[in-house]
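Reading the structure
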Amino acid sequence: MATFKRPKIALIGGGQIGGVLAQLCALRELGDVVMYDIVEDMPQGKCLDIAEASRVDGFDVEVKGTNDYKDIEGADICIVTAGLPRKPGMSRDDLLTTNANIIKTVAENIKQYAPDSHVIVISNPLDAMVTLMREVTGFPHNRVYGQAGVLDSSRFASFIAWELGVSVKDINALVLGGHGDTMVPLVRYANVNGIPVMELLERKYGDAAKAKEVMDAIVERTRKAGGEVVALLKKGSAFYSPASSAIAMAEAVLRDQKRVLPVCAWLDGEYGVNGMYLGVPVILGANGVEKVIELSLNDEEQAMLDNSVNAVKKLIEDMKRLGFL
Ligand code: TXD
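The numbering scheme is per chain: residues are counted from 1 as the chain's sequence reads. For this predicted model, a pLDDT threshold of at least 70 governs which residues receive local features, and a threshold of 80 or more governs which side-chain atom pairs are given and counted, while totals over whole chains, interfaces and linings are taken from all residues. Heavy atoms from the whole structure form the basis of all side-chain values; hydrogens and water molecules are not counted.

Let us now look at the UniProt feature "active site" (unreviewed entry) in the protein chain. UniProt positions are given in the numbering used here, feature names are shortened, and annotations may be inferred rather than shown by experiment. In this numbering, the UniProt entry assigns the feature "active site" (unreviewed entry) to H179. Assignment of secondary structure puts H179 in the loop between β8 (175–176) and β9 (184–185). Numbering of helices and strands runs from the N terminus, with a helix taken as a DSSP run of H or I at least four residues long and a strand as a DSSP run of E at least two residues long.

Right, here's the structure in full:
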């Protein structure tokens, strides 16, 4: 007789993002959750707290914390947030050495205990940490990917919706490139249920120059959106929206949704980029990154993407220099 099992989701890192991830996994009944952290008792406490809401929220999944990697054994998907977040004044790249040491250990344990899992990396600097995760686990590239673009695109879409005074549900907006200040919000492709955003902005202001000025400000705010939250929180970085974004990715994989999402994925010639992780739209389903979708970019967009590629390349060079790759 066939027996059925719920998917097992391992959360590596039980800090700010890890906590929201656990709660969202439970609320959406994505699978049983095990949260690992090095801090003693903390993941156990957080998970017990979340699990005790099961009657109120009505979810039938387990949510457990641990300090022992053995408990992630057989996980179907690992979502990694282990590492330090930014403090005001820091760039994501300032976290490189500390977080690379952490990710290396995390990757070795995922390789040992969950060798068939998919890995969604969230820790910063994102593009470099995804690269390191893939290198240490040796998993196929389609099973190791990073979350950045879903969040950056959601921020871009939110700012457009607020400016136009329309539902964010009708906004489609895409951000390409690395997860840093060089990211590329694609204005030309942004639309409100098919209507180009620039057309609506021009109608609102009755002036193409003013519309461009407003859009330039939205693009700039999108690029700096992480820093805007860091400056307000003072003690850490954004955590609700990064968690929601990673859950959208995990759900696409666990439910084989074939969603078209911007993901930090391995490029093998696409966009003229060879052998490197970068944020691009992909089809995300049961096989992870099932296909990279190539968009035709104009010269200006391609130049911005090249600039972003160079910023990620510099991070990879730094990791090589430091002996991580
Ligand atoms: O969109 C994105 N990709 C991001 C990424 C958006 C915002 C923040 N992003 C990055 O996620 C951020 O720069 C950090 O690198 C990670 C995690 O952010 P979070 O806000 O959750 O940080 P916390 O609250 O400090 O949690 C990190 C946890 C904390 O509980 C530590 O005890 C734990 O990581 N930690 C470890 N866990 C396992 N193993 C080791 N070695 C370890 N070291 C620390």
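Moving on from the coordinates now.
Turning to the site of the ligand, a few remarks are in order. Note on definitions. A residue lies near a molecule or strand when any single heavy atom of the residue is within 4 Å of it. What surrounds the ligand is a group of 26 residues, the closest being Q16, I17, D37, L84 and Q147. We call two N or O atoms a polar contact when they sit within 3.5 Å, provided that within protein one can donate a hydrogen and the other can accept it, with sequence-adjacent residues counted only if both atoms are side-chain atoms. In the environment of the ligand, an oxygen atom lies 2.9 Å from a nitrogen or oxygen atom belonging to the backbone of I17. The side chain of N124 places a nitrogen or oxygen atom 3.1 Å from an oxygen atom of the ligand. Exposure was quantified through the Shrake-Rupley algorithm and a 1.4 Å probe, taking into account, for residues, occlusion by the shown protein chains and nothing else. In the complex, 88% of the free accessible area of the ligand, which totals 860 Å², lies under the protein chains. Among the secondary structure elements, those contributing two or more residues to the shell around the ligand are α1 (16–27) and α4 (96–113). Only Asp, Glu, Lys and Arg are considered charged, only Ala, Val, Leu, Ile, Met, Phe, Trp, Tyr, Cys and Pro nonpolar, and every remaining residue, Gly among them, polar. Of the residues assigned to the shell around the ligand, the class counts are 14 nonpolar, 11 polar and 1 charged. Both domains that meet at the shell around the ligand, namely domain 1 (8–146) and domain 2 (149–322), each give it at least three residues. Note that the domain bounds reflect an automated or database-derived domain assignment.

Where the residue is not glycine, phi is negative for most of them; where a peptide bond is considered, it is trans in most cases. Between N124 and P125 the backbone carries a cis peptide bond, its omega angle lying at -10 degrees. Here P125 is to be found in the loop between β5 (118–121) and α5 (126–137). The phi dihedral of K234 is positive, around 65 degrees, even though this residue is not glycine. When you line up the elements, K234 lands in the loop between α9 (225–233) and α10 (240–254). Backbone geometry places K258, a non-glycine residue, at a positive phi of 55 degrees.

Moving on to the UniProt feature "domain: Lactate/malate dehydrogenase N-terminal" (unreviewed entry) in the protein chain. Here, UniProt's "domain: Lactate/malate dehydrogenase N-terminal" (unreviewed entry) annotation points to residues 8–146. Helix and strand shares over residues 8–146 are 40% and 18% respectively, and the end C-alpha atoms of the span are 19 Å apart.

Another point: the nonpolar core. Burial of nonpolar side chains together is a common tendency in soluble globular proteins. Formed by 53 residues in total, the largest nonpolar core has its most connected members in L21, V63, I79, V263, Y271 and L284. In this view, L21 contacts L11, I79, T81, I122, A243, A246 and I247; residues no more than four positions away in its chain are not counted. As used here, the term nonpolar core means buried Ala, Val, Leu, Ile, Met, Phe, Trp, Tyr and Cys residues forming a set that is joined through side-chain atoms within 4.5 Å. Exposed residues in this analysis have more than 50% of their type's maximum accessible area, buried residues have under 20%, and partly exposed residues fall in between, with area computed by a 1.4 Å probe over protein chains only. C78, V106, Y113 and L315 belong to the second largest nonpolar core, which has 35 residues in total. Contacts: residue pairs with any heavy atoms within 4.5 Å of one another.

Along the chain, the position of S244 falls in helix α10. Sequence spacing of S244 and C25 is 219 residues, and the spatial spacing of their C-alpha atoms is 9.8 Å.

Let us look at the pattern of salt bridges. Pairs can form between side chains of opposite charge once their charged atoms are near each other. When a carboxyl oxygen of Asp or Glu lies within 4 Å of a side-chain nitrogen of Lys or Arg, that pair is called a salt bridge. The tally for this structure, following the rule as stated, stands at 19 salt bridges. Between R6 and D32 there is a salt bridge; the shortest N-O distance is 2.9 Å. Separated by 26 residues along the polypeptide, R6 in the segment before β1 (8–12) and D32 in strand β2 (residues 32–36) bring together distant segments of the chain. On the basis of relative accessible area, R6 is assigned to the partly exposed category, the value being 42%. R223 serves as the salt-bridge partner of E220, at 3.9 Å between the closest nitrogen and oxygen.

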